Amino acid sequence: MQRVRNIKELAEVAGVSAGTVSRALAGSELISQATRERIQALAREYGFRPNVMARNLRIQKTGAIGVLIPLGHEAGQPISDPFFITMLAMLADKLTERGYDLLLSRVIPQDMGWLERVATSGRVDGLIVLGQSDQAATLDEVARDYRPLVVWGGHKEGQVHCSVGSDNYLGGQMAARHLIAHGCRRIAFFGDPRALEMTQRLDGVQAALAQAGLDRADVVPAHLVAELAYPDIARYLGDASHRPDGIVAASDVIAMTTLRALSEVGLSVPGDVRVVGYDNLPLSEHTVPSLTTISQDLVAGAEHLVDMLMRRIAGEETQSVVMAPELVERMSA
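Rules behind the numbers
- Residues numbered from 1 in each chain as written.
- Predicted model: local features only at pLDDT ≥ 70, side-chain atom pairs only at ≥ 80, totals over all residues.
- Heavy atoms only, no water.
- Helix = DSSP H or I, 4+ residues; strand = E, 2+ residues; numbered from the N terminus.
- Rg over C-alpha atoms; globule rule 2.2 N^0.38 Å.
- Contact = heavy atoms within 4.5 Å.
- Lys, Arg positive; Asp, Glu negative; His and termini not counted.
- Charge placed at Lys NZ, Arg CZ, Asp CG, Glu CD.
- Phe/Tyr/Trp six-rings, centres within 6.5 Å; stacked < 30°, edge-to-face > 60°.
- Buried < 20%, exposed > 50% of the residue type's maximum accessible area, 1.4 Å probe, protein only.
- Lys NZ or Arg CZ within 6 Å of the ring centre and 35° of its normal.
- Pairing = 2+ DSSP bridges.
- Right-handed = clockwise from strand over helix to strand, strands pointing away.

> Go over the overall build of the protein chain with me, naming the residues and quoting the values.
Assigned secondary structure in the protein chain consists of twelve helices and twelve strands. For 333 residues, the compact-globule formula gives about 20 Å, and the C-alpha radius of gyration of the protein chain, at 25 Å, lies well above that figure. Overall, the C-alpha framework of the protein chain stretches about 85 × 40 × 30 Å when taken along its three principal axes. A separation of at least 24 residues holds for 70% of the contacts in the protein chain among residues at least 6 apart in sequence. Each charge sign in the protein chain was given a centre, from 32 positive and 40 negative side chains, and these centres are 7 Å apart.

What follows is the structure in structure tokens.
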């Protein structure tokens, strides 16, 4: 049997017009179900594969969503980071359910135009950005004109871009209040406040300490990459003159690095120092001791990101979503 190479040839086999074949293969209800099924069966029988790229060009749709990870403040952070892997897996599932491919890019911003170049490339139908890093101004600038854009991260008054994330300020407060309730009086914050989410978490910690009449937290601007964070954390903890009795880590990865450093300087958790993380990644249950952490509902977050992007692609306006965090109490604090 000779292979059918194009829609015209398949139309000749089916005894219909090329337009009818095109609509039948696209599942159009303008064509009767019986005709659609007959033409689709013939396409399979003759080994015909529609040119998806050509079809997408005609309807001005790529069938792909860009997922960008901007690393303006943390260039060494890999895609294999546990937070990124967790979110990417959830986003890939949700986008596949909607019939989209995922086009992933890890971006080290070199100028203000990095996001606009992707948005106007014609390669994707919309963008999900995982984390604002230090790029909030760029996100706002592009979001003024490019509507199918949704960002995972913090929300602040007056921002232009549509974001999904947890209430980072409240999460920081919850972490600090938990430590204070367990007797901690010298609390430190481990995390780089150049990123909006981290700044908000730190602000929440400082507010809780002020409300309790305690000194402000020491800030150790720890990297999000464990190997890079460890030297600074170990150096800080190795100095007994300012050693804390409670630590709020800006992420679970930083908290896990902190547990290792505390063990290596001979301090027990939670006996000598209590530690609270942030994210509630699956790994946090398996640390020794298991990690008390502030949970962001990443499943709901991924659903919101995809749902809001689909609505924005369809021309709707959407508002940012700020989800309530939750304290998950385990053994570290």
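Right, picking up where we left off after that structure.
> Run through the packing of aromatic side chains, naming residues and quoting values.
For the coordinates displayed, the defined rule picks out three aromatic pairs. Each ring, one from Phe83 and one from Phe84, has its centre 6.1 Å from the other, and the planes form 65 degrees; the classification is edge-to-face. We note that Phe83, like Phe84, is buried. Aromatic rings pair up to connect Phe83, Phe84 and Trp152 into one cluster. Sitting over the ring of Tyr278, Arg201 keeps its end group 3.8 Å from the ring centre. Above the plane of the ring of Tyr230 lies Arg260, whose end atom (NZ or CZ) is 3.8 Å from the centre.

> With reference to specific residues and values, describe the pairing of strand β8 (residues 246-249).
The two faces of β8 match: Gly246 and Val248 on one face and Ile247 and Ala249 on the other face are all buried. Note: β8 against strand β9 (residues 274-279), three bridges, orientation parallel. Along β9, the bridge assignment pairs Ile247 with Val275. Running through helix α11 (residues 252-264), the crossover from β8 to the neighbouring parallel element β9 is right-handed.

> Describe unusual backbone geometry, and please don't skip the residues or the numbers.
Glycine aside, negative phi is the norm for most residues, and most peptide bonds take the trans geometry. Cis rather than trans, the peptide bond between Val269 and Pro270 has omega equal to 10 degrees. With respect to the secondary-structure elements, Pro270 resides in the loop between α11 and β9. In this structure, Pro289 follows Val288 across a cis peptide bond, with omega equal to -5 degrees. Locating Pro289 in the fold gives a position in the loop between β9 and β10 (292-295). One non-glycine residue, Asp279, lies in positive phi territory at about 130 degrees. When you line up the elements, Asp279 lands in strand β9. Positioned with a positive phi, Asn280 is a non-glycine residue whose angle comes to about 60 degrees.

These results come straight from atomic positions and should not be treated as a statement about function.
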